[in-house]
Amino acid sequence: MIRLATPEWALLLPLLALALWRWPLLRRPLRLAILGLLVLLLLQPELRRHGHGLDLWVLVDRSASAAQSVEPHRAEWEQLLERSRRSDDRLHFVDFASEAVERDPSAGVSLPGSRERTRTALAIRHALSRRDEGRNTRLLVLSDGFATEPLAGSTELLARARVPLDYRLAPEAAIGDFRLLSLNLPAQAQPGEPVLIEFRASGPPGGETPFTLLRDGQELTRGTVRIPPGRQAASLRFTDRLATPGGHRYEVRLLPPNDPHPGNNHAGQWMEITGGPRLLLLTAYADDPLAGILRAHGFTVEVAEGGGADPGRLAGVRAVILNNLPATALSRPFMEALDFFVRGQGGGLLMVGGANSFGRGGYFNSPISDLLPVSMEQRQEERKMAVALGIALDRSGSMAAGSGSGETKMTLANSGAARAIGLLGPMDQVAVYAVDTGPHVIVPLSVIGESGGKLADKVMRISSGGGGIYVGSALKQLHKALSESSRGVRHAILFADAADAEEPGDYKERIPKMVAEGITLSVIGLGTEHDSDAALLKEIAELGNGRIFFADDAGQIPALFEQETVRIARSAFLDEPVALEPQAAWAELAARPLQWLPKVDAWNLNYLRPGATAAALAAREAAEDEPAPLVAFWQRESGRVAAVSFPLGGPHSESARAWPEVADFVQTLARWLMGEAVAPGVAVRAAVDGTELAVTLLYEPEWEEALALHPPRALLSGSGGQSVPLHWERMEPGRYRATAPLAPGQSVRGAVQVGQSILPFGPLEAAAGVEWEFDLARPAELAALSRASGGAERLDLTTVWEAPRPAAFLPLREPLLAATLALFLLEAFLFRLGRGARLPRRAARPTPSPAPTAPAPKAKEQTEPPPPPPVAPSERSERFRRAKRGL
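Things to note about the overall build of the protein
In terms of helices and strands, the protein carries 19 helices and 45 strands. Looking at the 887 residues of the protein, the share that counts as buried comes to 49%. Surface summary for the protein: the accessible area is close to 42,600 Å², and the carbon and sulfur share equals 54%.

A look at the environment of Leu810
Looking at the element boundaries, Leu810 is found in strand E45 (residues 809-811). Of the residues examined, Leu810 reaches a relative accessible area of 38% and is grouped as partly exposed. For the pair Leu810 and Glu133, spaced 677 residues apart in the sequence, the C-alpha separation amounts to 9.1 Å.

Some details on a nonpolar patch on the surface
Residues Ile2, Leu4, Leu47 and Leu810 make up a contiguous nonpolar surface patch of about 330 Å² in total accessible area. With respect to the helices and strands, the residue Leu47 is situated in strand E2 (residues 45-48). Looking at Leu47, the relative accessible area reads 34%, which means it is partly exposed.

Topic: the nonpolar core
If you look at the biggest cluster of nonpolar residues, it comprises 49 residues, and the most contacted ones within it are Trp586, Trp596, Trp603, Leu630, Phe646, Leu648 and Phe665. It is helix H15 (residues 662-674) that contributes the most residues to this core, 8 residues altogether. Apart from the residues within four sequence positions on either side, Leu630 is in contact with Val578, Leu580, Val600, Trp603, Ala616, Leu617, Ala618, Ala643, Val644, Ser645 and Phe646.

Quick word on the sheet that holds strand E38 (residues 692-699)
Spatial ordering of the open sheet is given by E37-E38-E42-E41, a layout of 4 strands whose pairing is antiparallel. The open sheet has two free edges, formed respectively by strand E37 (682-689) and strand E41 (729-732), since each of these has just one partner strand. Averaged over all pairs of adjacent strands, the angle between their axes in this sheet comes to 25 degrees, without regard to strand direction. Note that E37 and E38 share 8 bridges and pair antiparallel. If you follow Val684 over to E38, its bridge partner there is Leu697.

Observations concerning the sheet that holds strand E4 (residues 90-96)
What the 5 strands build is an open sheet, ordered E5-E4-E3-E6-E7; its pairing is mixed. Since the sheet does not close on itself, it has two edges, and those belong to strand E5 (100-102) and strand E7 (165-169), each with one partner. Between one strand axis and the next, the sheet turns by 25 degrees as a mean value, whatever way the strands run. Bridge analysis of E4 against E5 gives 3 bridges, and the strand direction is antiparallel. Each bridged residue has a counterpart across the sheet, and for Phe96 the counterpart in E5 is Ala100.

Considerations on the pattern of salt bridges
In this structure the tally under the stated criterion is 42 salt bridges. Here Arg103 and Glu78 are joined by a salt bridge, their closest N and O atoms 2.9 Å apart. Within this pair, whereas Arg103 is found in the loop between E5 and helix H4 (120-130), its partner Glu78 is found in helix H3 (residues 71-84), the two being separated by 25 residues in sequence. For the pair formed by Arg103 and Glu78, the shared burial category is buried. The structure contains a network of salt bridges with shared partners spanning Arg62, Glu71, Arg74, Glu78, Asp95 and Arg103.

Some details on the packing of aromatic side chains
Applying the stated criterion to the full structure yields 13 aromatic pairs. Look at Trp586 and Trp596: their rings are 5.3 Å apart centre to centre, the planes differ by 75 degrees, and that puts the pair in the edge-to-face class. Residue Trp586 is located in the loop between strand E30 (578-582) and strand E31 (599-600), and its partner Trp596 is located in the loop between E30 and E31; the two are separated by 10 residues in the primary sequence. An identical accessibility class is assigned to Trp586 and Trp596; each is buried. Chaining the aromatic ring pairs together yields one cluster made of Trp586, Trp596, Phe646, Trp659 and Phe665.

Comments concerning the packing of helix H5 (residues 154-161) against helix H17 (residues 777-789)
Axis separation between H5 and H17 bottoms out at 9 Å; the angle between their running directions is 20 degrees. Taken together, the axes of H5 and H17 lie roughly parallel to each other. You can see that H5 and H17 cross each other, and the crossing is right-handed. Contacts between H5 and H17 involve Ser154, Thr155 and Leu158 on the former and, on the latter, Leu785, Ala788 and Ser789. Taken together, the residues of the contact of H5 with H17 sort by class into 3 nonpolar, 3 polar and no charged.

Some points on the environment of Lys409
In this fold, Lys409 is placed in helix H8 (residues 409-422). By relative accessible area, which is 21% here, Lys409 ends up partly exposed. When the C-alpha positions of Lys409 and Asp394 are compared, they lie 9.9 Å apart, and in sequence the two are 15 residues distant. Residues contacting Lys409, with those up to four places away along its chain left out, are Ser398, Met399, Ala401, Gly402, Leu526 and Ala554.

Concerning the side chain of His479
Tracing the backbone through its elements, the reader meets His479 in helix H10 (residues 471-483). Not counting residues up to four positions away in its chain, the partners in contact with His479 are Arg510, Lys513, Met514, Glu517 and Ile519.

Some thoughts on unusual backbone geometry
Between Gly762 and Pro763 the backbone carries a cis peptide bond, its omega angle lying at 5 degrees. Position of Pro763 relative to the elements: it lies in strand E44 (residues 757-765). In the Ramachandran plot, Glu637 falls in the positive-phi region, its phi being about 55 degrees despite a non-glycine side chain. Along the polypeptide, Glu637 turns up in the loop between strand E35 (629-636) and strand E36 (639-644). The phi dihedral of His652 falls on the positive side, at around 65 degrees, and the residue is not glycine. Topologically, His652 is positioned in the loop between E36 and helix H14 (654-658).

Each value, and the rule that gives it
- Residues numbered from 1 in each chain as written.
- Predicted model: local features only at pLDDT ≥ 70, side-chain atom pairs only at ≥ 80, totals over all residues.
- Heavy atoms only, no water.
- Helix = DSSP H or I, 4+ residues; strand = E, 2+ residues; numbered from the N terminus.
- Buried < 20%, exposed > 50% of the residue type's maximum accessible area, 1.4 Å probe, protein only.
- Areas by Shrake-Rupley, 256 points an atom, 1.4 Å probe, with all protein chains shown as cover.
- Patch = residues over 30% accessible without salt bridge, like charges linked within 9 Å, V, L, I, M, F, W, Y side chains within 5 Å.
- Salt bridge = Lys/Arg side-chain N within 4 Å of Asp/Glu carboxyl O.
- Core = buried A, V, L, I, M, F, W, Y, C linked by side-chain atoms within 4.5 Å.
- Contact = heavy atoms within 4.5 Å.
- Pairing = 2+ DSSP bridges.
- Axes fitted to C-alpha atoms, helices over the stretch in contact; angles between N-to-C directions.
- Phe/Tyr/Trp six-rings, centres within 6.5 Å; stacked < 30°, edge-to-face > 60°.
- Parallel < 35°, antiparallel > 145°, perpendicular 65-115°, else oblique.
- Left-handed = near helix turned anticlockwise from the far one by under 90°.
- Nonpolar A, V, L, I, M, F, W, Y, C, P; charged D, E, K, R; others polar.

Below you can see the structure in the form of structure tokens.
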């Protein structure tokens with residue numbers, strides 16, 4: 001059976017008949033065939049397939065939440081489907097959780113990725129992309145029905161493919177399970193505005209469980225959730241009031257004993273306290289003079305003394321100022337968030353100098369260093385003192401374990417020590433020891449000279465083995481080595497496992513002796529400050545007048561060694577006055593010239609990066625190698641960054657604070673850093689549904705033309721502060737939409753760039769226990785999707801093979817097009833040879849012969865042929881017409 005996909009083109013047939021009657025040249029056989037094939041191509045005939053076989057794609061939920069419900073029945077269901085199919089039917093299995101993969105019968109079940117998500121929509125797309133379009137196809141979902149992503153986009157895919165979706169839900173396995181159904185609070189609120197926090201919990205009727213409510217990790221309240229008899233859920237409401245702008249995270253935790261599904265007992269959500277554009281000042285000073293200056297000029301300033309900021313503090317902030325704050329006061333997540341805040345969200349960053357800033361503050365090779373318009377490495381000729389550095393590395397058995405980067409912890413520690421050696425100069429000294437139950441000399445106290453590379457190679461060959469690190473033995477060896485050095489700066493770095501640092505020995509007596517001799521000591525701990533031996537490592541660093549670092553991610557270890565080495569050996573904070581040389585580039589920031597101060601009391605020696613601009617330089621005689629910037633700035637992708645390499649508060653800032661134009665200087669920098677205001681007529685909304693982030697851009701009609709010429713850009717913060725682009729889908733005039741999957745518990749921030757305007761959003765979070773939420777709306781959504789596609793719930797799985805099989809048609813477009821092309825080429829070839837097939841000519845009408853006459857008398861024989869007889873005019877016309885028809 002053949003059907004026509006576009007029968008409306010049959011209206012061309014009368015026009016084609018008229019053309020054939022009007023132009024006889026079209027009546028040649030090949031041309032008639034070509035015209036017929038062209039009409040068939042327009043009609044799009046499709047041939048019905050007569051095969052009755054069915055391809056059944058079975059989507060098997062292998063997520064963690066389905067382990068107790070689907071897995072006990074999976075083998076039985078699959079065998080039932082296999083036994084009940086007919087000979088011409090085919091069975092395919094797709095296992096899915098966070099990823100979807102077609103099962104290889106010979107390899108068994110092997111599912112990549114995490115099982116903490118149920119991505120049913122992904123499995124549907126995977127099966128549809130791999131189906132055989134030449135056969136009837138159905139999909140069958142075997143699941144508990146609780147997907148972690150919306151299924152709305154699958155309806156159109158199934159309808160376009162004409163593939164029905166059936167489903168079979170597994171019975172609920174857990175009995176007596178308490179679960180947190182929802183946590184609801186407003187996405188935004190004004191400072192001081194009361195907000196309502198509501199959560200719903202379900203459990204066995206009449207049951208109860210304790211709970212705790214937290215804000216930013218601090219407990220707000222605790223209590224008990226009681227499920228009323230005869231019901232399965234209960235709601236609790238609380239109010240809170242916040243005056244501090246920024247993002248704040250609320251979390252609810254249920255604490256039932258012996259719960260069968262503990263993964264669904266907690267949920268978190270962010271709320272932003274808005275307060276208009278503001279500055280975040282992270283400072284080392286209790287009464288920072290910058291805060292007073294900025295507030296006097298109308299800025300909204302949020303002050304965080306001593307650092308301690310988390311990424312949520314960046315919500316609603318237009319610029320961040322770091323005033324003489326060491327890198328150790330900032331968490332690595334916050335520094336990584338600063339990178340995306342500047343580059344992606346168009347924020348501003350200002351670093352102000354001091355004894356704890358720039359290289360001296362440990363920012364060398366930190367996530368912030370690449371943002372700054374100045375570099376912090378120091379030239380050897382600027383060094384004031386040679387350095388002796390002692391390093392003790394934990395080589396216990398735990399160091400053989402792998403890290404997230406694929407390298408062992410020992411390899412990363414070796415790399416950190418090798419990088420530290422590379423940062424030392426030829427006149428410096430280094431000693432390296434590997435320590436387990438005793439010290440092993442790797443590099444005795446040696447002058448670097450020309451052997452830096454060889455010494456680093458020795459360090460890279462350290463292997464792990466033995467028991468835990470004996471801290472007392474390491475300290476004794478470091479003390480002995482460094483006490484033999486005469487270098488002006490002597491410093492030790494102890495690297496140890498924060499959960500396996502043993503036998504501290506006489507550290508309380510030995511470390512004060514080291515400090516009395518001028519030897520300082522810092523500690524890098526592998527783990528967190530909550531580990532069993534973290535308190536000991538903190539005390540050692542405090543006694544040694546050094547710094548303490550904790551690296552929960554082993555990949556951070558090399559960078560921590562670099563930062564500590566630069567702080568000790570190569571950071572230059574010069575506490576001596578230097579003359580200031582103004583530059584014309586200040587006019588790029590300010591509307592009027594500035595009367596600069598003649599000198600500053602102290603300064604950080606940095607160097608201008610290529611592409612950056614200096615507004616003021618240190619006097620040339622103070623920086624012999626190349627000009628040293630005292631004020632520098634540049635554009636960093638979407639954001640702006642400036643560096644002031646002299647103190648504006650605390651010690652060594654007397655001249656700067658007495659400067660009459662210091663207020664104008666500070667507020668001009670702040671206004672430039674905050675960037676331009678957002679243009680009217682555009683807005684961004686962002687929300688998380690399960691593990692899917694949806695970003696919507698709304699705009700007024702006057703933006704239509706501009707967005708058509710320059711489409712909007714959307715970025716999302718990824719791991720390590722890197723940005724990930726999002727892809728827009730134009731939903732309707734005035735609305736774009738972009739989606740992205742999120743990992744459970746992942747907090748993200750993003751930004752949308754429209755023209756010159758940047759619209760930031762976030763932080764937003766995918767629930768950590770989304771796999772265990774068991775949202776009752778999800779099974780209902782799956783049922784609605786099945787009905788819309790023509791499927792049904794299959795309580796008896798054998799009936800899936802008896803379902804009506806929709807007729808499948810094979811398009812004939814390709815063979816018809818090939819035949820048309822072949823006939824066209826044949827016609828052209830014959831025409832060129834002059835052998836084109838012609839219709840038979842009409843026979844010419846015979847000319848009547850003249851009447852017979854008497855024979856003429858015989859004439860004398862002629863030597864020339866007689867002339868042709870005269871042709872009548874009517875006969876000439878008839879010959880002309882016959883010739884014309886024959887062309």
